[in-house]
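Each chain, written out:
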Amino acid sequence: MPKEARKTQKSDDLFSGRPAAAKRAAAAAAGKPAPGGEAAYTARDIEVLEGLEPVRRRPGMYIGGTDEKALHHLFAEVIDNAMDEALAGHADWIEVTLEADGSLTVADNGRGIPVDPHPKFPDKSALEVIMCTLHAGGKFDSKVYETSGGLHGVGVSVVNALSEHLEVEVARGQRLYRQVFERGKPKTGLEDLGRVANRRGTKVRFRPDPQIFGPKAAFKPQRVFKMARSKAYLFGGVEIRWSCAPELLAGVDGVPEKETFRFAGGLKDFLLAATHGQTLVHPDIFSGRVGKVGSHGAVEWAIAWVADADGFVSSYCNTIPTSEGGTHEAGLRAALLRGLKDHAERVGQGKRAAAITSEDLMAGAAAVLSVFIREPEFQGQTKDRLASAEAARIVEQAMKDAFDHWLAGNPNQANKLLDWVIDRAEERLRRRAEKDIARKSAVKKLRLPGKLADCTNTAAEGSELFIVEGDSAGGSAKQARDRATQAVLPLRGKILNVASAGRDKLAQNQQLADLVQALGCGTGVHYRDEDLRYGRVIIMTDADVDGAHIASLLITFFYRQMPKLIENGHLYLAVPPLYRLSHGGKVLYARDDAHKDELLRREFPANAKVEIGRFKGLGEMMPNQLRETTMDPKKRTLLKVVLLAEDREDTADSVERLMGTKAEARFAFIQEHAEFADEEMLDV
Ligand code: 0RA
C-alpha cells in the first residue's frame, strides 16, 4: 500500500464512528472521498470545505430560518450527535442543562470527539476541523447525508457558526481537552486540561447568537425538555438527565428543575403517559418492537385508540422527529388498515368493514412510531418528512404480523375496536350525505333565473320582488329600483293560466318555473315560508286591461300553488299611474279616470290648460317617474292581496268560475259584471 493511501486509511479508521457528518468532514479534510460514497473526490466536494461564513450569511439554508423552531434546531443537532453515540453503544447517558444566561449544554459519556492533530493540517486538531468546517452541502442535498442525526447532516459546525459562544470539552484517553469558539471562530486553541480518571465523552455548551436569532430569542424550557425526554422514550438504552435554571421556570407548567429519564418500556411508556386520563376504546395498548433499537431496519411502535379525543401520530426516524410524517407512517397506516379489514373478514364483518378508510381508523388513534434506517432521506420545506421508500415496507411488514396477532389474541377487544371504527366510517358517510344534500339545495338556491335582477340584501325581511310584464317595463323597473332591497323579475307576455292548464303544462312553463326559482320557497305541499327569498312579492303590471289580466293570472297562480304566501301577507299589487297631469311646473299622477278627474278638479285652477299624458305602459315611464309613483316605499301605494277568512269558499268558487276551464262560467260572470268589463276581456 502506498504511503499516502495508508495515511488516509488511518484517518478513516480514526473517524469511523458516528456522526457521519463529522466523519465526512474529517474525510474531506483528509482529501479523500466521503466514506461510504463511491464518487471520486471532486471540485464540488472541495467547495464543501468552506469556512462558516455562508452559514451566518444565510442561516435559513442550513436550519430552515431564524425563528423559534430554527433556534431549537440547534439543540436538536447537538443532542442528535450525542444520541448517535448512544445508539452506537458508546454512550449510555446524555445530560441536558439549560442555564439562566440562555446557554444550553449537552454532555454525553461517549467516545469523545477526536482531538488528534489533523494529518492534513498539523496545526489543527480534528475537533477544530469538525467544529469550524462546513462539511455537508447544506441540508438540501440529500446525497451527501449519511448521518442519522441532527439537521439531517449539516453538522455541529452549523451550531458553532450560529452561536455567539460555544465551548467543547472532550474527555478522551484519560485526558480532558477544551476549546472555545465565538461565532464559529476559535477563541482559544485546543487546551489540554490534564488527566481525568473517571470521565469520558463530549460536552458542548453554546449560546445562540442574538445577531442571528434576535435579541429576545431564547430556548423554551418546555420545548427543550420534551425534545430531550423523547430521546429517552425512543431509546431505552440511554438515560437522559435534565436540569434547568429555576429562573427560567417561572410560569412554566410541567417542567421540573431536575429529572432523570430512563424508559425501559420504550414507546409504550410514552403512550401510557400521553393517553393518561383518557378513555381507551380497548384496554390494552398495541405496542411492539422488531429488531434492535438503533440498528438498521428496527421498528418500534405503540398505539391506542382513544374514545373521545382526537388522535395523533408522533413519528421518528433514527430518533429524529418527523412531524410531517412520511413513508414510515404510510407503512403503519397500511398495516393497521389491512390488519383490521382482515380481522373483519374473519369474524364475518367484511361487508360492514369495506367502507373503512385509514382516516376512519387513524382519526382516534394515538400512535408513536420509531424506525431506524441507514441513510434516511428527508423531504419537505423543513425536512420533517421521511421520504425513504424502504421505511414503508419495513414498518408495514413488522406491524402487520404483530397487529394480526394482537387482534387474534384478544377477540373481545378486537371487536370493540372494529365496531368503533365501523361507527366512525358510517358516521362519515352519513355526514357526507348530509353535506351533499345541503350543497345541492344551496346550488339550487343559487341557480336563479337569468332574467332576475336580484337585490343585494340576502335577508327576506325588508326585500321585495317586483314581478313586471315585459322586458321594457323590466328595464325601467331595474333602473328605478333600490338595488339593495328591490329585485325585478320581468315576465314575457301572458303567463299560463294555471287554473285551466294541466299539471304537465304547468311543470313545463318556463315563466312560472323562473318565478318559482326566484321565490325559492317551493310550491304546493313543498312550500316553505322560511325559504321565501323576499318579504314582499309585488305584482307590477300596466294600468290597463292587459295588465289587470296578467295580474289576475299571477294571483291565480299564487292562490293555487302557494296560498300560504298570500295568507302570510307576502303578496301585493303595485299601483302605477295611468295619467300624468302637469301645469306650470306642478306634476301629479292619476291611477285611473276617476282619480284623474278628481285631481283635475281639486288640484288645478278651473279652466287651466292642464297637460294630460296617458302612459301606454310602465316601459314608457322614465325610471325616476316610476320610482316616485310606484316603487319608492315612501311615496307609492301598494294593495295587499288577502284571502278573507269568511270568504274562503266563495273565493275558491270565483277563482274556478273566472279562471277555470269552463268558458261558460266566465262568460256568465262577465255578463253579471258588465260595467267593469270591456271588450278585450272577452279574449281570455
Ligand atoms: C467524530 C468521530 C467520532 C466521534 C464523534 C465525532 C463524536 C461526536 C459527538 C458529538 C457529541 N458527542 C459526540 N461524541 C462523539 C469517533 C471517535 C472514535 O472513533 O473514537
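1. Observations regarding the sheet that holds strand β14 (residues 365-371)
Here we have five strands laid out as an open sheet, ordered β10-β11-β14-β12-β13, and mixed in their pairing. What marks the edges here is a single partner per strand, and that holds for β10 (286-290) and β13 (320-321). Note that strand β11 (residues 299-305) and β14 share seven bridges and pair antiparallel. Of the residues in β14, the one forming a bridge with W301 is L369. Docked against the sheet, helix α15 (residues 389-409) engages β10, β11 and β14, running at close to 50° with respect to β11.

2. Observations concerning the confidence of the model for the chain
Any region with low pLDDT has predicted coordinates that should not be read closely. Per-chain confidence: the chain averages 84 in pLDDT, with 84% of residues scoring 70 or above. Of the regions scoring below 50 in pLDDT, residues 1-48 engages in 71 contacts with residues more than four places distant in sequence or in other chains. Confidence drops under pLDDT 50 across residues 674-684; counting only partners more than four residues distant or on other chains, this segment forms seven contacts.

3. Side note on the packing of helix α17 (residues 471-480) against helix α23 (residues 623-631)
Between α17 and α23, whose axes approach to 8 Å, the crossing angle comes to 80°. By the angle class used here, α17 and α23 are roughly perpendicular. Packed against α17, whose contacting residues are S476, A477, Q479 and A480, the element α23 presents P623, L626, R627 and M631 at the interface. Looking at the contact of α17 with α23 residue by residue, the class counts come to five nonpolar, two polar and one charged.

4. Looking at the sheet that holds strand β20 (residues 571-574)
With respect to topology, five strands assemble into an open sheet ordered β18-β17-β19-β20-β24, the strand pairing being mixed. Whereas interior strands pair on both sides, the edge strands pair on one side only; in this sheet they are β18 (486-491) and β24 (638-640). Strand after strand, the sheet turns through a mean of 30° between neighbouring axes, direction not considered. Two elements, strand β19 (residues 536-540) and β20, share three bridges in a ladder whose sense is parallel. Bridging across to β20, I539 finds its partner in L573. Each of β17 (464-469), β18, β19 and β20 is contacted by α23, which is oriented at about 120° to β19, the strand it contacts most.

What counts, and at which threshold
Residues numbered from 1 in each chain as written. Predicted model: local features only at pLDDT ≥ 70, side-chain atom pairs only at ≥ 80, totals over all residues. Heavy atoms only, no water. Pairing = 2+ DSSP bridges. Helix = DSSP H or I, 4+ residues; strand = E, 2+ residues; numbered from the N terminus. Contact = heavy atoms within 4.5 Å. Axes fitted to C-alpha atoms, helices over the stretch in contact; angles between N-to-C directions. pLDDT = per-residue confidence, 0-100. Parallel < 35°, antiparallel > 145°, perpendicular 65-115°, else oblique. Nonpolar A, V, L, I, M, F, W, Y, C, P; charged D, E, K, R; others polar.

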